[in-house]
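What the coordinates show
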Amino acid sequence: MSDTQLPVWEVFIQANPGIAHKHAGNVHAADAEMALQNARDVYSRRSEGMNIWVVPASAITASSPEDQGAFFEPSNDKPYRHPTFYKIPKGVKYL
Amino acid sequence: MNIQNAKFEYLLRLGDSSLIIGHRLSEWCGHGPILEEDIALINVALDFVGNATELLRYAGQVEGKERDEDDLAFLRDEREYRNLLITEQPNGDYASTIARQFLFDVYMYFLYEELKSSKDETLAAIATKTHKEVTYHLRHTTEWMYRLGDGTTESHVRLQNGVNDLWMFTSEMFDMDEFDEVLIKEGIAADLNKVKTEWEKKVKEVFAEATIQIPTTTFRQKGSREGKHSEHLGFLLAEMQYVHRTHPGAKW
């Protein structure tokens, strides 16, 4: 069944200061303010966050499954790109 | 009249209004226009029932007859209820519900802003918490006022009809009697004249933007201060109190 409701907005929630916004899900909304309120009501009812982003789903450009080989496989044999040599200082929480 | 009696009466007025409008909103559960709005409205309903729980619990303590919040909510009859008439009006269509909620949210917003500085510490603490919730409720309903009022012809007509039907219940929100006077002197209650000025200003402002006309009818319905309600409250209480009265003292 096709979606007959309002346009879809993707919702990103920041759980704590300093860490990245994480994708929480999506909501239907007619405009940005409605999207923000719906996101607040649907995804922050259990104290999940302190900041919300909403983005029209139509504004997101995604890579396609066919791109997988060309996009991601070339990095599989380059372990030297991982910064494993460095020690993470104590007290750094979100890295 | 002593302050204890006045305070009990005052807490019932506040608590009952929150409980009844919370129950009315809860009737939308599963029937909202879209899933997101259904959840939003039920969040609001829960806030009101939570607020009522705190106020009625405190009312019971003030009364000192060992009645708790459940006794007060489920074992009083219609004539003992002190909720404002506007809170018991049926939901109607979604525009009517939004109209009722907006008119009441503006009232709550300015009333609880005053109560935050009440000299009664418990009431002030409840008001501080509630005011944050109400700030969001008002933001939510204001958006819907714009959306419906300045939306399509049909949504505009429905919202205007909702406002017209409810207007006669708005003036009693600001009625004060000897209970208010005693408590205002003590710095406990809010001066509703002040709330009224703010309410009128805000309502006018949002109506203008939502292209909604202020009704010109001068008829005013009142009675909630004396427990005289519209025909709707009895049915609401029958549904709300049924389980509690059928299974007295039940635990789960």
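Relevant structure appears above.
Worth saying up front: this structure is predicted, and the values here are computed from it rather than measured.

Parameters and conventions
- Residues numbered from 1 in each chain as written.
- Chains lettered and ligands numbered in written order.
- Predicted model: local features only at pLDDT ≥ 70, side-chain atom pairs only at ≥ 80, totals over all residues.
- Helix = DSSP H or I, 4+ residues; strand = E, 2+ residues; numbered from the N terminus.
- Rg over C-alpha atoms; globule rule 2.2 N^0.38 Å.
- Buried ≥ 20, exposed ≤ 12 C-beta atoms within 10 Å, placed from the backbone.
- Axes fitted to C-alpha atoms, helices over the stretch in contact; angles between N-to-C directions.
- Parallel < 35°, antiparallel > 145°, perpendicular 65-115°, else oblique.
- Left-handed = near helix turned anticlockwise from the far one by under 90°.
- Contact = placed C-beta atoms within 7 Å.
- Nonpolar A, V, L, I, M, F, W, Y, C, P; charged D, E, K, R; others polar.
- Pairing = 2+ DSSP bridges.

1. Looking at the overall build of chain B
Across its full length, chain B carries ten helices and zero strands. From first element to last, N terminus to C terminus, chain B shows the α and β order α-α-α-α-α-α-α-α-α-α. Against the compact-globule benchmark of 18 Å for 252 residues, chain B has a radius of gyration of 18 Å, which places it among compact chains. Structurally, chain B occupies a C-alpha span of about 55 × 45 × 30 Å along its principal axes. Looking at chain B as a whole, 42% of its 252 residues qualify as buried.

2. Focus on the packing of helix H1 (residues 32-43) of chain A against helix H2 (residues 35-63) of chain B
Pairs of packed helices are described in terms of their axes, by the angle between the two and the distance that separates them. Closest axis-to-axis distance for the H1 of chain A/H2 of chain B pair is 9 Å, and the angle between their directions is 65°. Considered as vectors, H1 of chain A and H2 of chain B are oriented roughly perpendicular to each other. The way H1 of chain A lies across H2 of chain B gives a crossing that is left-handed. Contacts from Gln37, Asn38, Asp41 and Val42 of chain A of H1 of chain A reach H2 of chain B at Glu36, Ile39, Ala40 and Asn43 of chain B. By residue class, the composition of the contact of H1 of chain A with H2 of chain B is three nonpolar, three polar and two charged.

3. Focus: the sheet that holds strand E1 (residues 8-14) of chain A
Residue and element names in this part refer to chain A. Pairing is antiparallel in the open sheet, where three strands are placed in the order E2-E1-E3. With partners counted over all chains shown, the strands left at the sheet margins are strand E2 (22-28) and strand E3 (51-56), one partner each. In this sheet, adjacent strand axes meet at a mean angle of 30° when their direction is disregarded. With six bridges connecting them, E1 and E2 associate as antiparallel partners. Of the residues in E2, the one forming a bridge with isoleucine 13 is lysine 22. Each of E1, E2 and E3 is contacted by H1, which is oriented at about 130° to E3, the strand it contacts most.

4. Concerning the interface of chain A and chain B
With eleven residues of chain A in contact, the opposing surface of chain B contributes seven residues. Elements supplying a minimum of two residues to the side of chain A that touches chain B: E2 and H1 of chain A. Per-element tally for the side of chain A that touches chain B: the top contributor is H1 of chain A, with six residues. A class-by-class count of the residues in the side of chain A that touches chain B yields four nonpolar, four polar and three charged.

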